[in-house]
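Listed below are the residues making up each chain.
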Amino acid sequence: MSLDEQALTYPIPNDAALEPPAEWAELRGKCPVAHVTLPSGDQATLLTRYDDVKQVLADPRFTRQLTAPDAARLSADGGGVFSSDMATVIPDGGEEHQHWRRLVGKWFTAKRMNALRPQMAQIAEELIDDMVKRGAPGDLKASLGFPLPVYVICDMLGVPAADRDRFSYWSDTFLNLTRYSKDEIDAAQAEFFQYMSGHVAAKREQPGDDILSELIAAGGPEDGGLTDIQILATGMGLLVAGHETTANMIGKMVSMLLADRTRWEALLADPKLIRTTVEESLRFDANSGFGLPRYLRDETEVSGTVLPRGTTVICSMAAANRDESAFEAADHMDLTRSPNPHLAFGSGAHSCLGQALARTELQVVLEVLLRKLPALDLAVPVEDLERVEGLAVGGLRTVPVRW
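Just so it is clear, the structure is predicted and the values come from calculations on it, not from any experiment.

What counts as what
- Residues numbered from 1 in each chain as written.
- Predicted model: local features only at pLDDT ≥ 70, side-chain atom pairs only at ≥ 80, totals over all residues.
- Heavy atoms only, no water.
- Pairing = 2+ DSSP bridges.
- Helix = DSSP H or I, 4+ residues; strand = E, 2+ residues; numbered from the N terminus.
- Salt bridge = Lys/Arg side-chain N within 4 Å of Asp/Glu carboxyl O.
- Buried < 20%, exposed > 50% of the residue type's maximum accessible area, 1.4 Å probe, protein only.
- Core = buried A, V, L, I, M, F, W, Y, C linked by side-chain atoms within 4.5 Å.
- Contact = heavy atoms within 4.5 Å.
- Phe/Tyr/Trp six-rings, centres within 6.5 Å; stacked < 30°, edge-to-face > 60°.

**Student:** Honestly, the sheet that holds strand β10 (residues 377–378) in this entry has me stumped. Any pointers?
**Tutor:** Strands in a sheet are paired, the pairing made by backbone hydrogen bonds, and the direction either parallel or antiparallel. Spatial ordering of the open sheet is given by β5-β11-β10, a layout of three strands whose pairing is antiparallel. With one partner strand each, in any of the chains shown, β5 (138–139) and β10 form the two edges of the open sheet. The sheet contact formed by β5 and strand β11 (residues 400–402) spans two bridges and is antiparallel. By the bridge assignment, D139 is partnered in β11 with P400.

**Student:** Is there a simple way to think about the pattern of salt bridges in this case?
**Tutor:** Pairing between side chains of opposite charge can happen when their charged atoms approach one another. Within this structure, the stated rule accounts for 23 salt bridges. Among the ionic pairs, R309 bridges to D70, the shortest N-O distance being 3.6 Å. Of the two residues, R309 sits in the loop between β8 (305–307) and β9 (312–315) while D70 sits in the loop between β4 (62–63) and α4 (94–105), which places them 239 residues apart along the sequence. The partly exposed category is assigned to D70, whose relative accessible area is 40%. Taken together, the shared-partner salt bridges connect E125, D129, R371 and K372 into one network.

**Student:** So what exactly am I meant to see when it comes to the nonpolar core here?
**Tutor:** In globular proteins that are soluble, nonpolar side chains generally tend to be buried together. Core analysis: the largest hydrophobic core is formed by 111 residues, its most contacted members being L38, F108, L144, M156, L239 and L369. With 15 residues, the top contributor of residues to this core is helix α11 (residues 228–259). Other than its neighbours up to four places away in sequence, L38 contacts Y10, A44, A72, R73, L74, F290 and I314. Counting 18 residues, the second-largest nonpolar core is a separate cluster that includes L47, L57, L307 and M317.

**Student:** I tried to follow the sheet that holds strand β3 (residues 43–47) on my own but got confused; where do I start?
**Tutor:** In spatial order, the strands read β1-β2-β3-β9-β6-β4; together these six strands make up an open sheet with mixed pairing. Either end of the sheet is taken by a strand with one partner, and the two such strands are β1 (8–9) and β4. As defined by bridge partners, β3 adjoins β9 across three bridges and the pair is classed as parallel. Residue pairing for β9: L46 is matched across the bridge by I314.

**Student:** What is the right way to read the packing of aromatic side chains from this model?
**Tutor:** What describes a pair of aromatic rings is the distance from one ring centre to the other and the angle between the planes of the rings. In this structure the tally under the stated criterion is eight aromatic pairs. Each ring, one from F167 and one from Y195, has its centre 5.5 Å from the other, and the planes form 75 degrees; the classification is edge-to-face. On the criterion of sequence distance, the pair formed by F167 in helix α8 (residues 164–174) and Y195 in helix α9 (residues 182–205) is long-range, its members being 28 residues apart. We note that F167, like Y195, is buried. Aromatic side chains Y169 and Y180 sit 5.6 Å apart centroid to centroid with 90 degrees between the ring planes, which places their arrangement in the edge-to-face category. Linking Y169 in helix α8 with Y180 in the loop between α8 and α9, this pair joins segments that are eleven residues apart in sequence. In this structure an aromatic cluster arises from ring pairing among F167, W170, F174, F192 and Y195.

**Student:** Which parts of the structure should I look at to understand the pairing of strand β6 (residues 292–296)?
**Tutor:** Regular strands place their side chains on alternate faces of the sheet. When you tally the buried positions in β6, you get five out of five residues, the bulk of the element. Of the two faces of β6, the one carrying L292, R294 and L296 and the one carrying P293 and Y295 are both buried. Examined bridge by bridge, β4 and β6 share two bridges and lie antiparallel to one another. Bridge pairing in β6 places T63 opposite Y295.

If you want it as C-alpha cells, here you go:
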C-alpha cells in the first residue's frame, strides 16, 4: 500500500525529540501531495517538498479562511488559533492585509530590534544568573526560553509580564490540537478576550510607548487606522505568536547544539557563527509543530496533482527545509550554511511578521549563554528529551542542563 493510500495520521507520530519522522523523506520522494487525517478526523492534503510549500504559501488562492464551511477542522473540539473567529478579523489578503502589516510591522523592523538588543541581553543575563543560583541541573526552557520572549513581547504591548502564566495557558488553548476540551478552550479564550479588551481600554485612557497605544493613536479606518476589534485581535495574536514559538525554539536550538558537542565547541571557538547558526537551527528544526494550513478557494494544480476547490492544504515547512533539492546535505546541521533560504518563517505576503524579533532573541540568547556558561551541557541523554504534545506548535517539555 502506498503512503498516499494509507491516509497518514497527521501530525505524524514521532518519539525522537530532535529527529524528523522517517516518512518525510519518503513523502518528498514518492508522494509529495499526500492525503492525511487530522486530529479532528477530517481529511487534508500534506505538502512536504520545498518548491511546493514555497509556491502555495506565496499563492493568494490558498487562503487562511479555515472557518469556511467545507474547510477541514484541525482539532475535534474546534477552536485554536487557525480556526478562531478572531483570526478572521485581520484582513486575509490584498491591499487591506498589506495595510495592516505596514501599521504593525513598524514595530518589528530589524532596526528597532537592534535597539532592543541591550535590553534583551540584560534580561537574559539576569534569568541565567537566577538559574545558576538555583543550582544544576536547571530547566533551560522554564528558566530562560519561556520568560525571555514573554518579557520582551509584554513590554512591546505594554502588558504586565507578571501575568505571563495566564498568557501561557491562553496561548496553549489557542494552539490546541488535542490537549484541551472545547469547554476549556471557550472559557480560556473568553478570559483572554476580556483581559485584552480591558488592556486596550486602559491604553485609550493612558497611552504609553507600545504597539497598542500607537495603533489606537492612528485612529479608526476612516483615518487610515484599524477598527477596535482589529486592534484587539492584533494584540491577542501578537501575544500568542510573540512568545510561544520563540520560547520553544530557544530550548530546541540549544538542545540541537548540545546534542553534538562539536557544534557548541565550534561556536565557542568562533562566536561570529552565531547569526548563521540561528538560521541553520531554524532550518534544521524537525519539531516545529503543525505547519501552516491553507484553504483553497479555486481548483489549482500543485506538483502535477489537481486540488479541487475546498481542499485544506497543510504546508510542512519543517519537511520542506530538509529537502535535498533545495539544501545540499539537508540532513546535516552546517553552522556555516549561507545562503540559507529556509521556510521556518513562511513565505510570501503572510511570512512571519515577527521574524526579526525572533532572530534577535535567538542570537542574543546564544551570545549570552556562550559568554556566561561555556561549559553548558544537556543533563540528560538526547533520547530522554520529550516533545510537547497536543499543540500546533512544536517544542520540548523541558530542557535539563548543567554547567
